[in-house]
Amino acid sequence: MSRVNSIFEARAPGPKSPTRLHFLRMTRPEAARARGVHRGQIFSQVFVLLLASIIFILILVYGYKAISQFTQRSEQIGLIDFENDLKNGVKSISLDFGSVKRVDLTLPPRHRQVCVFCSPDQLGTCDPSPQFQEDHPLLVESWQSGSQNVFLVPLSDTPVLVERVEAQDGGFCTAVIDGKVSLRLEGKGDHALVGPWQ
């Protein structure tokens, strides 16, 4: 019998937890202590949550800036590759009179069109048609300044100037499909005739 009593005594619950009526009779600090929450714990929890939210916001801002810089750099690299590939294609074919070559160029995805005009060394021999000048007055005006003869639509920040180019019909625009454009290059002995590949 004593063994049974000792088991019940070992499992006997401790002091009763306060009931709702007890809480109503207690002061606020006593009620908080009865629930096991101290004023210092509340302030430390608020501080931790505030600090965690500030860190989270800082990580989001840093991530957004890093992604936008990465996107800008990848577009600049794409434009440089486009310009180099076009210059290399013109250079390789210009001395080979009568030969024709297809050049497939890759562009950043935001561009919809490529417009090509004659290079400054060909200005006296070729002019865009009146209809083309009427359709693209801003491009023609920029081309006449002599600093650029290849234009991307929408316009890019980097001007593209390719030497020894005679543009078909004095100037043309061709569509960029899925970030790619195909151009026809024909050697003319000292320059290349450039037009859209059809």
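Residues numbered from 1 in each chain as written. Predicted model: local features only at pLDDT ≥ 70, side-chain atom pairs only at ≥ 80, totals over all residues. Heavy atoms only, no water.

Student: Sorry if this is basic, but what is going on with the sheet that holds strand β7 (residues 192-196) here?
Tutor: Strand pairing in a sheet takes place through backbone hydrogen bonds and is either antiparallel or parallel in direction. Spatially, the four strands line up as an open sheet ordered β1-β6-β7-β4, and their pairing is mixed. With partners counted over all chains shown, the strands left at the sheet margins are β1 (100-106) and β4 (165-167), one partner each. The average undirected angle you get between the axes of adjacent strands in this sheet is 35 degrees. Where strand β6 (residues 180-187) lies against β7, five bridges are found, and the strand directions are antiparallel. Opposite leucine 183, over in β7, you have proline 196 as the bridge partner. (Pairing = 2+ DSSP bridges. Helix = DSSP H or I, 4+ residues; strand = E, 2+ residues; numbered from the N terminus. Axes fitted to C-alpha atoms, helices over the stretch in contact; angles between N-to-C directions.)

Student: Would you mind showing me how to read the pairing of strand β3 (residues 150-153) here?
Tutor: Covered by surrounding structure in β3 are Val150 and Leu152 together with Phe151 and Val153, the residues of both alternating faces. Direction of pairing for strand β2 (residues 113-117) relative to β3: antiparallel, over a ladder of four bridges. Residue pairing in the sheet places valine 114 in a bridge with leucine 152 of β3. (Buried < 20%, exposed > 50% of the residue type's maximum accessible area, 1.4 Å probe, protein only.)

Student: Help me understand the side chain of threonine 174, please; the structure alone is not making it clear to me.
Tutor: Within the element layout of this structure, threonine 174 appears in strand β5 (residues 171-175). Filtering out sequence-adjacent residues up to four positions away, threonine 174 remains in contact with Arg112, Gln113, Val114, Val181, Leu183 and Pro196. (Contact = heavy atoms within 4.5 Å.)

Student: Just to check I follow, could you spell out the packing of aromatic side chains for this structure?
Tutor: One pair of aromatic rings is described through two measures. These are the centre distance and the angle between the planes. By the definition in use, this model includes three aromatic pairs. For the ring pair phenylalanine 117 and phenylalanine 132, a centre distance of 5.4 Å and an interplane angle of 65 degrees mean the geometry is edge-to-face. Note that phenylalanine 117 is positioned in strand β2 and phenylalanine 132 in helix α5 (residues 130-135), a separation of 15 residues in sequence. With 5.2 Å between their ring centres and 20 degrees between their planes, phenylalanine 117 and tryptophan 143 make a pair best called stacked. Of this pair, phenylalanine 117 sits in strand β2 while tryptophan 143 sits in helix α6 (residues 137-144); the two residues are 26 residues apart in sequence, bridging distant segments of the chain. We note that phenylalanine 117, like tryptophan 143, is buried. One aromatic cluster is present, formed by Phe117, Phe132, Trp143 and Phe151 through successive ring pairs. (Phe/Tyr/Trp six-rings, centres within 6.5 Å; stacked < 30°, edge-to-face > 60°.)

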